[in-house]
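A structural walkthrough
The residues making up each chain are set out below.
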Amino acid sequence: MRGLVVSADWKPKAGYQVTAEEEMSGRVRLANMVLHNPTLSVADRPDAQLSGEHDVLIRNVTSGICGSDLHMVTSDEDGYMDLPAPFRVPVALGHENSGQVVEVGSAVTRVRPGDLVAVEAQVECGTCRACLRGLTAACERLWDRGFTLDGGTATMSVAHERHCWPLTAVADRHGERKAYDIGALIEPSSVAYNGMVNRAGGFRPGDTVAVFGAGPIGLAAVGLANALGAGRVLALDPSASKREIASALGATETFDPTAGEAGQWLLDRTGGAGVDMALDATGAGRIVMPAIVPAIAVGGKIVSLGANMAPVEVDTIKLMFRAASIYFTLGHLGGGFPAVIALHAAGKLDLTKMITGRFALDDGVAAMERALKGQDAKILIHPHGVDAYPKAVSQ
Ligand SMILES: [Zn+2]
Ligand SMILES: [Zn+2]
């Protein structure tokens, strides 16, 4: 099979202790400490195939490019991959994808050949402390399609049936073509859903929600806040085109944080009361947190969705006096997929407005080059071509 493949040289930095497990599996704990000179190409990978009775073989149709994909192809001044996460090379990237089931193992009951599915990329071990207390996205022995296993830009994927979520109800409402596109957006929106709902416990109907950052996860948070009953959704991003998409997804008002003081803007919008939930989807917590803290309401919740690569200072006494809380979340496993699929199937959420570009796999390198420019919200790669949207088949 073919895929958009990241390769790199294995060259551990001085002082990095390579474990026997890393040596044996090829899966490094921190790509930025071991993998040197990353390169990207459209290349062959070994064919995906069923190996267990619960396996599902999927023909991939759409695969979204995520911010973390960009860190796989950029490097630091010494030439090491920027990604500070587990990785294995070579690998076909893509961890936000939909496709059509081609073949299933003998014990599979959740899906049938012909079904449209969205695929969870994270593969939890099921036996570590995180898994046993239900926080599967924080699994201590996580494997991950698009990071350590071939992912959604490959023409085919294999996944355990528990990671395959039927899009049948979404296709019934929106048609197959749109259902495949929605399928590629389920992963990033599940990251937002897990933070807002499964970790932070949601907000009260009518509450005011602020979203910092209108990248895909921030935009998903805007759409979700709206769908989940926020009274007002205030979105902040320096990019005018992204603020426009935020408005289309239900932001009540938007603000360019480079044009004024973001915290003050939120206080002005709330009559000084502050916002009930503030989401940081920027990865720039050092800048965003000082704006959020003075603008959080009594009993408010701060949800950190972006990966901050440097320590962030928080003035905790202000949060203490307002009985406010901060929540962190990572990844999409743990309940986001079925909820976000159901909201799309019900017509309460339509995140396809964030799709700003699509490329065939053959143009995958150009797709990444465009994504690196940072102007797009969501770019999709179509492993079988931009017009390949197979019909659902009823068995
Ligand atoms: Zn991602
Ligand atoms: Zn685990």
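Throughout, residues of each chain are indexed from 1 in the direction in which the sequence is written. The lettering of chains begins at A and the numbering of ligands begins at 1, in the order of writing. It should be noted that, the model being predicted, local features are given only for residues of pLDDT at least 70 and side-chain atom pairs only at 80 or more, the latter also being counted only at that level, while totals for whole chains, interfaces and linings use all residues. The side-chain numbers reported here are obtained from all heavy atoms of the structure, hydrogens and water having been left aside.

Our working rule: UniProt positions are given in the numbering used here, feature names are shortened, and annotations may be inferred rather than shown by experiment.
Under an unreviewed UniProt entry, the name given to the chain is Alcohol dehydrogenase catalytic domain-containing protein, and the source organism is Amycolatopsis pithecellobii. Taken from UniProt, the Cofactor (unreviewed entry) comment for the chain reads in full: "Zn(2+)". Looking at the Sequence similarities (unreviewed entry) heading of the UniProt record, one finds this comment for the chain: "Belongs to the zinc-containing alcohol dehydrogenase family."

**Brief notes about the coordination of the zinc ion (ligand 1)**
For clarity, the cut-off: A donor here means any N, O or S atom no more than 2.8 Å from the metal (3.2 Å for Na, K and Ca); water is not included, so a site may seem to lack partners. Helix and strand definitions follow DSSP, with helices as H or I runs of at least four residues and strands as E runs of at least two, each counted in order from the N terminus. Categorising residues by exposure relies on relative accessible area from a 1.4 Å probe, with only protein chains included: less than 20% of the type maximum marks a residue as buried, more than 50% marks it as exposed, and the intermediate range marks it as partly exposed.
Taken together, Cys66 (SG) and His95 (NE2) make up the protein donors of the zinc ion (ligand 1), found 2.1 to 2.3 Å from the metal. A residue pair is termed long-range when its members are at least 10 positions apart, and cysteine 66 in the loop between strand E3 (55-64) and helix H3 (67-73) and histidine 95 in the loop between strand E4 (91-92) and strand E5 (97-104) qualify at 29 residues. Like histidine 95, cysteine 66 is buried.

**A closer look at the sheet that holds strand E2 (residues 35-44)**
By definition, the strands of a sheet pair up through backbone hydrogen bonds, in either a parallel or an antiparallel sense. For clarity, the cut-off: Here, a strand pair is defined by DSSP locating no fewer than two bridges between the strands. Should any heavy atoms of two residues lie within 4.5 Å, those residues are considered in contact. Axis definition: a line fitted to C-alpha atoms, limited for helices to the stretch in contact. Angles are taken between N-to-C directions and run from 0 to 180 degrees.
Pairing is antiparallel across the open sheet formed by 3 strands, whose spatial order is E2-E1-E4. The two strands at the open ends of the sheet, each matched to only one other strand, are E2 and E4. Where strand E1 (residues 2-10) meets E4, 2 bridges bridge the pair, whose relative direction is antiparallel. Across the sheet, residue valine 5 finds its bridge partner in E4, namely alanine 92. Running over the sheet, helix H13 (residues 364-372) touches E1 and E2 and is turned about 135° from E2.

**Considerations on the layout of surface pockets**
As a reminder, the rule being used: Of the grid points, spaced at 1 Å and generated over the protein atoms alone, those admitting a 1.4 Å probe that cannot get out make up cavities, while open sets with protein on both sides within 12 Å along at least five of seven lines make up pockets; any residue with an atom within 4 Å of a point is treated as lining. Grid points are joined across faces, edges and corners, and a volume is the space filled by probe spheres set on the points. Residue type decides the class: Asp, Glu, Lys and Arg count as charged, Ala, Val, Leu, Ile, Met, Phe, Trp, Tyr, Cys and Pro as nonpolar, and the leftover types, Gly among them, as polar.
In this structure, the second largest pocket occupies an estimated 360 Å³ of space. For the second largest pocket, the lining is made up of 23 residues, of which Arg145, Leu149, Asp150, Val158 and Ala159 are closest to its centre. The leading source of residues in the lining of the second largest pocket is strand E9 (residues 156-160), at 5 residues. Partitioning the lining of the second largest pocket into residue classes produces 10 nonpolar, 6 polar and 7 charged.

**Remarks on the pattern of salt bridges**
Stated precisely, the cut-off is as follows: A pair is scored as a salt bridge if a Lys or Arg side-chain nitrogen falls within 4 Å of a carboxyl oxygen belonging to Asp or Glu.
Considering all chains together, one arrives at 16 salt bridges under this definition. For arginine 358, the salt bridge is made with aspartate 181, and the minimal N-O distance between the two is 2.8 Å. Of this pair, arginine 358 sits in strand E17 (residues 355-360) while aspartate 181 sits in helix H6 (residues 176-199), and the two are 177 residues apart along the sequence. What emerges from the salt-bridge pattern is a single network uniting Arg204, Asp207 and Asp276.

**Considerations on the domain arrangement of the chain**
In plain terms, the rule: An automatic or database domain assignment provides the domain bounds reported here. Defined in terms of a 1.4 Å probe, buried area is the accessible area two parts forfeit on being brought together, summed over both. Polar contact is the term for a pair of N or O atoms within 3.5 Å; when the atoms are in protein, one must be able to donate a hydrogen and the other to accept it, and sequence-neighboring residues count only if both atoms are side-chain atoms.
Split into domains, the chain comes out as domain 1 (2-166 + 350-382) and domain 2 (200-328). Computed from C-alpha coordinates alone, the two centres of domain 1 and domain 2 are separated by 29 Å. Each partner contributes residues to the interface: domain 1 has 11 residues there, and domain 2 has 10 residues. Carbon and sulfur atoms make up 75% of the area that domain 1 and domain 2 hide from each other, which totals about 820 Å². Summed over the shared surface of domain 1 and domain 2, the result is 0 salt bridges. Applying the counting rule to domain 1 against domain 2 returns 1 residue pair in polar contact (both at pLDDT 80 or more). Residues belonging to the side of domain 1 that touches domain 2 are distributed by class as follows: 4 nonpolar, 3 polar and 4 charged.

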